[in-house]
Amino acid sequence: MNAYGLEVSVKNLPILDPGFIPMAAFCRDFEKSAQNGKEIAVAVERNQGQVAVRRFKIHGTPEMAKADAVYVDRTVKMLLWAYGGYRVMICGDDTIAETIQKAYAKGGSREFDSTFMARVYEKPFEVLSYPLSKTPAPYSLPQSVGRNLDGCRIGFDAGGSDRKVSAVIDGVSVYSEEVVWFPKTTADPDYHFNGILEAFRTAASKMPRVDAIGVSSAGVYVDNRAMVASLFLKVPEELFDQKVKNIYLRAAEEFNVPIEVANDGDVTALAGAMSLNKNKILGIAMGTSEATGYVDAEGNITGWLNELAFAPVDLQEDAMVDEWSGDKGCGVKYFSQDSVIKLAPRAGIELDETLSPAEKLKAVQLELNKGNDRVRDIYRSIGVYLGHTLAYYATYYEIGDVLLLGRVMSGEGGDLVLAEATRVLAEEYPDFASIELHLPDEKIRRVGQSVAAASLPKL
């Protein structure tokens, strides 16, 4: 198939989405086609001076200018949403740098991305053009976070509908509780603070002392501070800055112990790593959106953004648009309930438009339970999406195992997704065929989110 002037070869296409152009296949064939071309680099800087760098070749010819521009645009996007950053440096091509600058400027096609990153890192977002010789060196500050089970620890898991807390002594949960709360619909940040503090105090009362506190929370956290988080959706911006950014740090002041706050996706991956006794784990939860987390080869949570719901998946011109970011072909529309809803009519499954997205997913799952074979094509198609996309993710993450979670992955549908993804990896991307895919079993469930959270801080 032709994509932006480049011939892309794909053996396996989703039965319900034959126009799908996988990023992994596009990049593989682009890099082969451009191997004698012009070398450039893209660098992205994030907090504490950390820099991620990708060096590659583009064609550098007028006839391949569109393919070159798309490749660089998607590379910048993937770097930002995988690792995070507020400064993009295009090294070696002023024309491409100018194209990226316009896209990320106010009113540009990537304005959402630049505004989001500026808020996360509390710095103006900028795109700079450098000569190739001035490409910055990669720099990272990996931190050993998690798997610390010594002492008396509080583990807190802040969910959208309930909050969980555990009192953990030397790796054993001696007390756990779940409390229903309504953080997403409450505007008063004191409600959130008091709920967090109450949970901390309850867990503390079950132990002789408190040595450390670990927190798993939906959202983006930088240096233990909440930068963007749906849990605090209704809190006005001025109150967010005043009372929410440091909410977990404030709640921990009473105990005067180390605290570590991590994104819930990362803590899920950590729980999987602890259960499987492995590292290099990517966790993907397919529910309302695509939530991801990662544990690296040393068993560390990296501090990367890992917001792959916004990362590129598909290059077809009429790919579904994400309403929030305004971009098309992004993960959220392929690895969430949105994907099931998108594919259902193509499988001949008519859904009641008055139903909520979660209810539509349930309706499809009910049809699958009845043995409707057309529904199986929905999950097989998602499996093909996933196989191709894992090969793309694996060029940015070192992946040994993938843990697949979330409502979309429940029941027979999850088995179909896993089987198809494994097959596509083996057939199309032999370099990544060794990646093992897992659905959560009882062993994984036993290391709960709040217990994994408790292991985050070092004493």
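Residues numbered from 1 in each chain as written. Predicted model: local features only at pLDDT ≥ 70, side-chain atom pairs only at ≥ 80, totals over all residues. Heavy atoms only, no water.

(A) Representation of the environment of Leu239. Here Leu239 is to be found in helix 6 (residues 237–244). Note on Leu239: relative accessible area 26%, which makes it partly exposed. Taking the C-alpha atoms as reference points, Leu239 and His192, separated by 47 residues in sequence, lie 12 Å from one another. Here Leu239 is in contact with Pro189 and Val244, once residues within four sequence places are set aside. (Helix = DSSP H or I, 4+ residues; strand = E, 2+ residues; numbered from the N terminus. Buried < 20%, exposed > 50% of the residue type's maximum accessible area, 1.4 Å probe, protein only. Contact = heavy atoms within 4.5 Å.)

(B) Quick peek at the packing of helix 2 (residues 65–83) against helix 3 (residues 94–104). Direction vectors running N to C along helix 2 and helix 3 enclose 55°, while the axes themselves pass 10 Å from each other. One finds that helix 2 runs oblique with respect to helix 3. Regarding helix 2 and helix 3, the two cross each other, and that crossing is right-handed. Between helix 2 and helix 3, the residues in contact are Asp68, Val72, Asp73, Val76, Lys77 and Leu80 and Ile96, Ile100 and Tyr104, respectively. Of the residues belonging to the contact of helix 2 with helix 3, the class tally is six nonpolar, no polar and three charged. (Axes fitted to C-alpha atoms, helices over the stretch in contact; angles between N-to-C directions. Parallel < 35°, antiparallel > 145°, perpendicular 65-115°, else oblique. Left-handed = near helix turned anticlockwise from the far one by under 90°. Nonpolar A, V, L, I, M, F, W, Y, C, P; charged D, E, K, R; others polar.)

(C) Here's a closer look at the environment of Arg163. Here Arg163 shows up in strand 8 (residues 162–169). In sequence terms Arg163 and Trp181 are 18 residues apart; their C-alpha atoms lie 6.8 Å from each other. Those residues in contact with Arg163 that sit more than four places away from it in its chain are Phe156, Asp157, Glu177, Glu178, Val179, Trp181, Gly195, Glu198 and Ala199. Within the structure, the side chain of Arg163 is placed 3.3 Å from the backbone oxygen of Gly195, a separation counted as a polar contact. (Polar contact = N/O pair within 3.5 Å; in protein donor to acceptor, adjacent residues only side chain to side chain.)

The quantities given are spatial measurements derived from coordinates; they are silent on function.
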